[in-house]
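# Structural characterization, general
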Amino acid sequence: MNKITLLFLSIFFLAGCSHKVIFTDVHTSLHPQSNKEKGLVQRFEEYWHARVNGQYNKSYIYELPYQQFIIDFDRYKKTLGLYKNSKVSLVKVQYPQKNVAIITRKMEGKNGSWIKKDKWIYVDGNWYHKYYQTLFPPLDEKEAQFQ
Amino acid sequence: MRILVILLSIIVYAFSVSINVIPDKKIAIDNGDIFAMQQYLQRTLNFHITEQGAKNLVRENRILANKYIESPYFKKDKKYNQIAIEKLFADNYIQHLQDSIKLPAKVLKSYYLDHIDQYKKPDKVYLELFRFTDYKQALEFYQNPSHKNVKAHRKIIGWVSIDKLNDVLKSVIKKNKENYFLPPIVTKNGINVFWVKKYKQESGYESFDKVKRQIKEYLFKKTFSKKREEILKSISKNE
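Residues numbered from 1 in each chain as written. Chains lettered and ligands numbered in written order. Predicted model: local features only at pLDDT ≥ 70, side-chain atom pairs only at ≥ 80, totals over all residues.

So, on to the overall build of chain B. Helix and strand counts for chain B come out as 10 helices and 5 strands. Among the 239 residues that make up chain B, the fraction classed as buried is 10%. For chain B, contacts bridging at least 24 residues in sequence account for 71% of all contacts bridging at least 6. (Helix = DSSP H or I, 4+ residues; strand = E, 2+ residues; numbered from the N terminus. Buried ≥ 20, exposed ≤ 12 C-beta atoms within 10 Å, placed from the backbone. Contact = placed C-beta atoms within 7 Å.)

This is the structure we're talking about:
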């Protein structure tokens, strides 16, 4: 094997490693400005892909660690379901605090579209979603925005 | 219904803990008593007490408890005591099992970051106290404050976190900030008029290390019923 073949093979291998999974049900037009933001967008896409496909055992591990400690998985999965088969778009990201991101998302389903928000928190190098149940009425207006 | 109540009483009686309460005449206090009191106050009131303080409290409680046990009131409450002690033991068992859980730092940190506003450092005020023996004098001083020839005991309190003050004072101070007098407050030691000399707005938050123990206790309290159910289930499985 000559050097040029080896070089080509290495380039193909590296390209394969950096290949990003594209979800058809989650869309984002944001161009991440940093690795931290890249991580946020990726976690957002993976999380919502799991949620809209009803893979709650996957979405559960993206929820804030303290919420996973407090809320059993059985209870968790019973309170979700509103967004099954919807399409999700990331509209914008705001950072009210250093390790907190508020994402505005657009949800499109059979009954129309809604603008909602997500709270994500950066803990020990990973972004985690703040869970709000979606089947029961919200406690207040603020919670309604995030459901 | 009556039959049910009678049956329940029989079950409670039959399976209850047998406790023979006798007075501790020696009032002997060992390190275990001191540690237990410190833990108890920490858990129930989130209050840190010194070893000497805990020792004094145990001694005082034991003197009073001995008197109570010897008094005619005690017999009336015997069953109640037994039930209360069983509840205490049950709660202690769950708390001990919870304490043995090692919560990963990211569980505690995620709570801290999600509730960061709760950990904002409280603002501070610099207070000086004018203590009067007569209410009329205190009121006159409050209405027309003059530091000269004032017949009051004057004491510098210094910087105080506004979290330590009651809600009414806190809201007055937050609104008026600095350089004014608070209305006279009647206490058993006299009539106090406080001069709010300076107000300092704090920035920043309490460190994670400082509050992580508090967060852990909160999360354990929140999952107490869940843990109790889990333990009962595992006991019934194993028996």
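Residue and element names in this part refer to chain B. Following the sequence through the fold, Q42 ends up in helix 2 (residues 31–45). As a C-alpha pair, Q42 and E217 span 175 residues in sequence and 9.7 Å in three-dimensional space. Once residues lying within four places of it in the same chain are set aside, the contact partners of Q42 are F47 and H48.

Now for the environment of L40 of chain A. Take L40 of chain A: it is sitting in helix 2 (residues 35–52). Sequence-distant contacts of L40 of chain A, defined by excluding residues within four places in its chain, comprise V93, A101, W120 and W127 of chain A.

It is worth spelling out the packing of helix 2 of chain B against helix 3 (residues 51–70) of chain B at this point. Residue and element names in this part refer to chain B. Running from amino to carboxyl end, helix 2 crosses helix 3 at an angle of 100°, the nearest separation of the two axes being 9 Å. When the axes of helix 2 and helix 3 are compared, the pair comes out roughly perpendicular. Residue-level inspection shows D33, I34, M37 and Q38 of helix 2 in contact with helix 3, the latter providing E51, A54, K55, L57 and V58. Each residue belonging to the contact of helix 2 with helix 3 can be placed in one class, and the counts come to 5 nonpolar, 1 polar and 3 charged. (Axes fitted to C-alpha atoms, helices over the stretch in contact; angles between N-to-C directions. Parallel < 35°, antiparallel > 145°, perpendicular 65-115°, else oblique. Nonpolar A, V, L, I, M, F, W, Y, C, P; charged D, E, K, R; others polar.)

Every contact between the two is made by 13 residues of chain A and, on the other side, 13 residues of chain B. Of all elements in the fold, only helix 4 (65–70) and strand 4 (112–123) of chain A reach the threshold of two or more residues within the side of chain A that touches chain B. By residue number, the principal contributor to the side of chain A that touches chain B is helix 4 of chain A, which donates 4 residues. Looking at the side of chain A that touches chain B, its residues break down into 9 nonpolar, 2 polar and 2 charged.

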